[in-house]
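# Structural features, examined
In case you want the letters, here they are:
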Amino acid sequence: MGHLQNRNIIIGVTGGIAAYKIAETIRLLRRAGASVRVIMSRGAQAFMTPLTLQSLSGHPVHTDLLDETAEMGMGHIELARWADAYLIAPATADTLARLAMGRADDLLTTTALATPAPLFVAPAMNQQMWASQATTANMKLLLDRGVHVIGPESGEQACGDIGAGRLSEPSDIYAAIDAFFPTGKLAGKKVIITAGPTLEPIDPVRFISNHSSGKMGFALAQAAAEAGADTVLICGPVTLETPAGVTRIDIRTAAEMLDACRLYSATPVDLFIGSAAVADYRPQTAAEQKIKKGGASITMELVRNPDIIGEMAQMNPRPAVVVGFAAETEDLVDHAQAKRLAKQLDVIVANDVSRVDIGFNSDANAVTWIDESGAETIAMTTKNNLAKIVIERCAGLLGSSADLEFSGREGAGS
Ligand code: PMT
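Residues numbered from 1 in each chain as written. Predicted model: local features only at pLDDT ≥ 70, side-chain atom pairs only at ≥ 80, totals over all residues. Heavy atoms only, no water.

## Considerations on the overall build of the chain
- A tally of helices and strands in the chain yields 15 helices and 19 strands.
- Dimensions of the chain, computed from C-alpha atoms along their principal axes, come out at roughly 80 × 55 × 35 Å.
- Among the 414 residues that make up the chain, the fraction classed as buried is 49%.
- For the chain, restricting intrachain contacts to residue pairs at least 6 apart in sequence, the fraction spanning at least 24 positions comes to 67%.
- Summing over all exposed atoms, the chain offers an accessible surface of approximately 19800 Å²; the carbon and sulfur share of this is 52%. (Helix = DSSP H or I, 4+ residues; strand = E, 2+ residues; numbered from the N terminus. Buried < 20%, exposed > 50% of the residue type's maximum accessible area, 1.4 Å probe, protein only. Contact = heavy atoms within 4.5 Å. Areas by Shrake-Rupley, 256 points an atom, 1.4 Å probe, with all protein chains shown as cover.)

## Some remarks on the domain arrangement of the chain
- We note that the domain assignment places domain 1 (8-180) and domain 2 (190-286 + 299-403) within the chain.
- A separation of 41 Å is found between the C-alpha centroids of domain 1 and domain 2. (Domains from an automatic or database assignment.)

## Describing unusual backbone geometry
- Cis rather than trans, the peptide bond between Ala-89 and Pro-90 has omega equal to -10°.
- Assignment of secondary structure puts Pro-90 in strand S3 (residues 85-91).
- In this chain, Asn-316 is followed by Pro-317 through a cis amide linkage whose omega measures 0°.
- Residue position: Pro-317 is located in the loop between helix H13 (308-314) and strand S16 (321-328).
- If you check the backbone angles, Asp-331 has positive phi at about 40° while not being a glycine.
- Along the polypeptide, Asp-331 turns up in the loop between S16 and helix H14 (332-343).

## Examining the site of the ligand
- Every one of the 28 residues lining the ligand counts as a neighbour, but Ser-213, Gly-274, Lys-339, Asn-351 and Asn-361 are closest to it.
- Separating a nitrogen atom of the ligand from a backbone N or O atom of Ser-275 is a distance of 2.9 Å.
- Contact with the protein chains removes 96% of the 770 Å² of surface that the ligand exposes when unbound.
- One can see that the ligand is located within the largest pocket.
- Those elements that provide at least two residues to the shell around the ligand are helix H11 (215-226), H13, S16 and H14.
- Element by element, the count of residues in the shell around the ligand is highest for S16, at 4 residues. (Near = heavy atom within 4 Å. Polar contact = N/O pair within 3.5 Å; in protein donor to acceptor, adjacent residues only side chain to side chain. 1 Å grid on protein atoms, 1.4 Å probe; cavity = no way out; pocket = protein on both sides within 12 Å on 5 of 7 lines; lining within 4 Å. Sits in = over half its atoms within 2 Å of the grid points.)

## Some words on the pattern of salt bridges
- Enumeration according to the criterion identifies 19 salt bridges in this entry.
- Among the ionic pairs, Arg-262 bridges to Glu-311, the shortest N-O distance being 2.7 Å. Note that Arg-262 is positioned in helix H12 (residues 254-264) and Glu-311 in helix H13, a separation of 49 residues in sequence.
- Among the residues examined, Arg-262 registers a relative accessible area of 40% and is labelled partly exposed.
- A relative accessible area of 27% places Glu-311 in the partly exposed class.
- Where salt bridges share partners, they join Asp-94, Arg-98, Arg-103, Asp-105 and Asp-106 into one cluster. (Salt bridge = Lys/Arg side-chain N within 4 Å of Asp/Glu carboxyl O.)

## Some words on the pairing of S3
- Burial analysis of S3 places 7 of its 7 residues in the buried class, which makes it a mostly covered element.
- Strand direction decides the pairing type here: strand S1 (residues 8-13) and S3, joined by 4 bridges, are parallel. Looking at S3, one finds that Ile-10 is bridged to Tyr-86.
- Sheet topology places S3 next to strand S4 (residues 119-123); 4 bridges connect them, and they run parallel. In the sheet register, Tyr-86 faces S4, and the bridge partner there is Leu-119. (Pairing = 2+ DSSP bridges.)

Written as structure tokens, this is what we have:
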């Protein structure tokens, strides 16, 4: 993965039997290219010697707030500024309480206050202590402040109890920190993603739309931005927060979505992903006033909306990679493949929207990735995780986009 190359990580170790797991965590972080500095609380030193962690981290371990030798080298403020991430593991109940209170009575807590870097805590304690009201309230405070929490896990504890409170495994701690940093795989790339439904007015109070929540598209935008892309998210009416680093353009109708796509394609686009559920038809005219109740039935003329992704795929210059999503309720692969060919897409990601556990408005999805070499299923996972997989694959395609030539250019249409 390599997200941690040249990252600076402080590890604050506090006094718990699980402190021994930190040795392996340091090894994993350093193997991934991170630079690690260790702070040990007095309690931690009862479980492990600073010399052990000095050998593993390759740097003297910091133990005291007022350490004259440290102040001449890297004092606590320098240390706090140096960090790209601060991990406290194991984090005892007392440490969590002191962090929640904003205490600064030792080097470990002072650094937590002084650092602008994201703070990760990996709690470890007896299951009763973890379940206590005090710890629960402290955790809520820390979560509200944006602290990242890793674990704890459930299982047999050193004290003989069984329950939640075990320190996460070093590989899981490592993975949580690794996942936080952008991959950089789309650095310098321009990505446009459409998301959510379109809303086609019938009159001032009624419209045609669908069940899309925007979750899939927002997750894709977040993953693209985290991968370093200049990311534009063009979305229909949804109630989701804009992911950090993403330029969000709100639209209502398919025509507005197309206008926005054209506008933001004025400079060449590397990757276009159409995850929006665009209404295929709209009322020919939207009534200016609310339509009054009349006879037993009403007839409305619907006309085709423009095919947004189809136009993007034929644009000159064309985005290097164009990826569609296909919402299907039967013959998933055949129908999706037909759309891929008709719309001249490099990839279509097909999902079965007849299922309630995936597709529209769920937090999970299961898809089939279809490109010119065939169809491959991606098992059910969270939309956030699926988005990372899709973005990773798109980055791979962009890497080889010089060789990419769409093989199904015949048969354009919708
Ligand atoms: O938003 P969520 O609740 O998270 O749900 C996610 C999702 C189910 C909406 C998403 O995963 C998905 O399947 N999106 C595509 C929905 C869709 O419109 O599928 P389609 O098979 O009708 O269209 C195929 C492709 O053409 C899509 O990329 C679509 O964006 C695009 N299209 C369709 C019609 C149109 N007029 N213009 C288009 O660009």
